[in-house]
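Reading the structure
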Amino acid sequence: MPSLLALVVALPFAGFLLLSLGGARLPARAVGIIGVSSVAISAVLAVAVFVALAASGPAEVRFVDTVWTWIDVGPFAPAVAFSLDGLSAVMMLVVTLVGLLIHVYAAAYMRSDASYRRFFAYMNLFVGFMLVLVLADNLLLLYLGWEGVGLASYLLIGFWYQRPENGYAARKAFIVTRIGDTALAIGLFLLFWELGTVDIAQVITRADQLLVEGSAVANLSAALILAGAAGKSAQVPLHVWLPDAMAGPTPVSALIHAATMVTAGVYLIARLHPIFEAAPAVLVAVAIVGAVTLLLAALAALGQRDVKRVLAYSTISQLGYMVVALGAGAYAAAIAHLVTHAFFKALLFLSAGVVIASLRGEHDLWRMGGLRRVLHLPFWSFGIGAASLAAVPVVTAGFYSKELILWNVWVAEPGGAWLAAVLLAGTFLTALYAFRAFFLAFFGKLRDAPSPPPRGGLIAAPLVILAVLAIVGGLFETSAYFGGIELLTLTLGDSLPAAAHGVGADALALMIGASGLSLLGIAAAYLAYGPRVLPRRAGGYLPAAGRAAEAGFGFDAAYERIVVGPFRRLARGLRDEPVDLVYEAVARLLRAAHGVLAFTQRGRVRVYLAVLLLGSLAVLAYSVMA
Amino acid sequence: MTRADLADLAPLAPLAILAVTPLVVTVAISVRRHHALALGITLAGLAAAVAAVPAALAAAPATAGALVTVDALSLSFTLLIALGTAVVALMSRPYLARSERRPEEYYVLLGIAATGAAALVSTEHLAGVILAVETLSVALFGLIAYPRDRAGAIEAGLKYLIMTGAASAVLVFGAALLYADIGGLTFDDIAARASGGFSVVGLAGLALVIAGLAFKLALAPFHMWAPDVYQGAPAPVSALIATVSEGAVAALAFRMLSATGALTEPALAAIVAGLAVVSMAAGNLLALLQTRVKRLLAYSSVAHFGYLLVAVMAAGPLGVEALLFYVAAYFVMTYLAFGVVTALSGRAGDADALDHFKGLCWRRPVLGIALVLSSLSLLGVPVTAGFIAKLYVLAAGASEARWGLVVAIALTTAISAFYYLRLVVVSLSRPAEDPRGDDRSLEAAALLTVLVALLIALGVAPGILEPLATRAADALF
């Protein structure tokens, strides 16, 4: 069974190769079949390997499949090897299964695009690299996957490269995450320097033994890894690329910029948590980064007009939830939310995709409205997704994972209460922006008649399945009040410390408070943006604050002024290549030398003879004198 | 003659065959003028000489009198000389057929030049050197001035005559000084004196001999004849000078410098190193903005023999290997470059201006590819023979810790990139008008194709020359 692991990774790459080498003559139907089936088979194999791992029981906590040893010099012997434990199994299943649903949807959604083949080639490439990232046995391979998904993300954000702003968005995403990537690379070098291995399992055990708690090395490497995670998972202050990344096709936003790639940072911190535990100060920083991100992004989501940007800020904010949980040491809770978030956020994006397509590419919420009556399936699926995002109590998946985070953060030391307060505020804001978008799009007056939406089984099936998952997909880990299911704990096994479950007055109060805030947020959204108010408040509230929120609170403008502008000026200053002046001087010197020498070669034999004679005399003189 | 006597003659057979060939051609054409016949006899003679090399190698070393010494080094170069002369003969046929009414004597001169060159690499005696050099030079006067109706060719022949006369005077004077000091002219005589230290007269003699040979190698500052002669001579003859003539002198210089121990004398070593550096710099700088392709190739050869001198200075097995490989690779790339010039030359005169080569890759793909590859090889770009050759020379220089020379090679090669790459750019630029009257025969294309294959083969599998080089090295050290 372990040997199937390499195949799980290899299949999407095979799909990529087939599609990219298959030539332009490949019929669209074949493109769809190759693109989807490569991920489908990979998903089936992933489930099979997972079942095998689960069946092998506690005796075998991880599968390792070594394909070949890449380099072998002393302690540095990274292999192309994949390993499966509880944590990577969860990630693998999310990537392949949610990835499969989105591929199926995309097969229909992107059908009319001229670059259908290129689209699926990139999508397969992404899935392949994402699997490398989560299944890598060593840090080097993990880093390869990390960069690979960045590449695929770049290619897909700029998929419609004919429009320059899409290319700009792709570059921005690549460069901003690059900053984090560089920090991560340095952090990983530092770890290798300190621990003498790149093997992840060994890094983890040695980190426990060798890293002195609070030492400079521990703090520095943890901080660098945090920077890497913040870049990939769009945490403040490196979050600015994600809203612009919405320039890519909607299935891309669903797969890469909601369900999978952006959670890589969360995965990385969870994976390397012993290093963070050796650096308590950095762990506090993790929590603070998450909390700030959560609130800022939720507020920014409130000000967006573009439905996809609302969802993008929502993703940033929800990633903030996960990061807060990581900072509080509740790794399992973060992973639980990662899973449910993948369900409901993919659902929201895919639903929004149908809406956008039926409105011929309209993204502006204020130009939507009344779609409830014409787009029945998206209405329900978006509604369910929004409810799950808002953590509507008991009946949604989001509720269970957020409850888990809330309790674990509440009991965490230090500052658990403060963080819990942020989470509660976030719950209210999340419900408010989620249903703001829902009401704006689907209620009120229908503006112009939408064109027929993309329909058919390939569109509907993923929406229905994800909708069901957005409702019941959180029932893998619940507190005693909801049956005390501990499937996630069981799956994660030794790979992560188990999440705590709250019992008692505290837990009940927190749960009821959070539920109340969630419902309050929905009610507020109804009052502010519901069908009764809407015609009168066509512009929104608090125009100044709204503008600030829409602009994402000026991060882009600040970066433009502090970083991009000066850099541009520097580049303009260097455009005339002042460095080249040196080389031009050399060239001029050589030309001059040529001119002088050429002056002697003018075909005059008497000159030639004189030089011959002088040369002989010089040789003679030198040999005699020396 | 008994069988044993014949076996004794085997080492001398290649040289003897080369010497006899022009005589046979002379007799044949005196009976009947016929271009193909003259070419055929010449080629047959060269082929016989090549065929005689293995047997000669098996029986080497041998001597014939005081003047002729045949060993693996001389046989290796005799092989290269015979093959190179054959290429020049093949290249010349369509060229002469277009422009000459009486081409037959050309092959006689070609055979004499080959004989002189082969004699030059087969001697360990300064008198032998002088005889061989004169044989070679006299044949070259005739070849350079062979197109009697072209003023440029006559002028070039005359210039070569005057200049080489002066250089021979220097060489002979040097030999005389040596004889006055040592009382002998064999390399062994000189070596015997070298171990005890030269007197001033002996040193001056050796220095002048080196200067005379430097003229033949067109090393700066004794290079000034080269561009005028290369430009005025028929293109195949320019190729012959660059390869057979200068290659033979290089081999002789190597043998002389290592066998006499002259380089143990710091002053002489400094002179040779100085010649190398000055040649690299002057050759490449003079070629820099040159737009006449034949002149450009002349300067390029000045620079290349400057590089080669680094191998010459590195006595020992690595030096032999570097020398042999460099000369072989230089033969191939020079034949390619001049082969293209020859094929483009018509009745009106040789193709020389850069315009002739514009867009060559598009209108004459075989010629274009040949020119591009030979330029890249002359520059020393990997996958071509020129890269390995330069690598050998650098290795030879590094093994002797002559870092100044190594740095000089690197810097001047960088300068040379400008004009070699300009040839590449010109060949690849938009096609100009197709000049009429040039050679479109399959013959030229086939020859160039074979040479291209050889260029790549030497660049990819340089080991094919290894056995020969090992034999030559064993013979010397």
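You'll find the structure just up there.
Note that this is a predicted model, so its numbers are computed, not measured.

A short note on helix H16 (residues 365-379) of chain B
All names here are of chain B.
- Taking 1.5 Å of rise per residue, 15 residues should cover 21 Å, and H16 covers 21 Å from first to last C-alpha, within 8% of that figure.
- Buried residues dominate H16, accounting for 12 of its 15 residues.
- Regarding H16, the residues found buried are Leu-367, Gly-368, Ala-370, Leu-371, Val-372, Leu-373, Ser-374, Ser-375, Leu-376, Ser-377, Leu-378 and Leu-379.
- Elements in contact with the buried residues of H16: helix H13 (293-313), helix H14 (317-344), helix H15 (360-363), helix H17 (385-399), helix H18 (403-428) and helix H19 (442-460).
- Within two residues after H16, Gly-380 carries a phi angle of roughly 100°, on the positive side.

Overview of empty space enclosed by the protein
Residue and element names in this part refer to chain A.
- The full count for this structure, using the stated rule, is 11 cavities of 30 Å³ or more.
- There is about 120 Å³ of room inside the largest cavity.
- If you trace the largest cavity, you find it lined by Tyr-321, Ala-391, Phe-399, Lys-402, Glu-403, Leu-406, Leu-423, Thr-427, Met-511, Ala-514, Ser-515 and Ser-518.
- Tallied by class, the residues present in the lining of the largest cavity amount to seven nonpolar, three polar and two charged.

Focus: unusual backbone geometry
- In this structure, the amide linkage connecting Val-236 of chain A to the following residue, Pro-237 of chain A, adopts the cis form with an omega of 5°.
- Here Pro-237 of chain A shows up in the loop between helix H8 (216-232) and helix H9 (241-244).
- Here Ala-60 of chain B and Pro-61 of chain B are connected by a cis peptide whose omega angle stands at 0°.
- Secondary-structure assignment places Pro-61 of chain B in the loop between helix H3 (35-59) and strand E1 (62-64).
- The backbone of Ala-234 of chain A sits at a positive phi, close to 50°, despite the residue not being glycine.
- Looking at where Ala-234 of chain A falls in the secondary structure, it is placed in the loop between H8 and H9.
- Exposure remark for Ala-234 of chain A: the relative accessible area of 0% places this residue in the buried category.

Description of the pairing of strand E2 (residues 79-84) of chain A
Residues and elements named next belong to chain A.
- Here E2 lies mainly inside the structure; six of its six residues are buried.
- Alternating positions in E2 separate into two faces, Ala-79, Ala-81 and Ser-83 on one and Val-80, Phe-82 and Leu-84 on the other, with burial throughout.
- Pairing geometry for strand E1 (residues 63-69) and E2, over six bridges, is antiparallel. Residue Phe-63 lies in a different strand from E2, and its bridge partner there is Leu-84.

Observations concerning a nonpolar patch on the surface
All names here are of chain A.
- On the surface, Leu-377, Val-464, Val-468, Ile-471, Val-472 and Leu-475 cluster together to form a nonpolar patch covering roughly 430 Å² of accessible area.
- It is helix H19 (residues 457-472) that contributes the most residues to the nonpolar patch, four residues altogether.
- Note that Leu-377 resides in helix H16 (residues 376-389).

Each value, and the rule that gives it
Residues numbered from 1 in each chain as written. Chains lettered and ligands numbered in written order. Predicted model: local features only at pLDDT ≥ 70, side-chain atom pairs only at ≥ 80, totals over all residues. Heavy atoms only, no water. Helix = DSSP H or I, 4+ residues; strand = E, 2+ residues; numbered from the N terminus. Expected span 1.5 Å × (residues − 1). Buried < 20%, exposed > 50% of the residue type's maximum accessible area, 1.4 Å probe, protein only. Contact = heavy atoms within 4.5 Å. 1 Å grid on protein atoms, 1.4 Å probe; cavity = no way out; pocket = protein on both sides within 12 Å on 5 of 7 lines; lining within 4 Å. Points joined across faces, edges and corners; volume = space filled by probe spheres on them. Nonpolar A, V, L, I, M, F, W, Y, C, P; charged D, E, K, R; others polar. Pairing = 2+ DSSP bridges. Patch = residues over 30% accessible without salt bridge, like charges linked within 9 Å, V, L, I, M, F, W, Y side chains within 5 Å. Areas by Shrake-Rupley, 256 points an atom, 1.4 Å probe, with all protein chains shown as cover. Salt bridge = Lys/Arg side-chain N within 4 Å of Asp/Glu carboxyl O.

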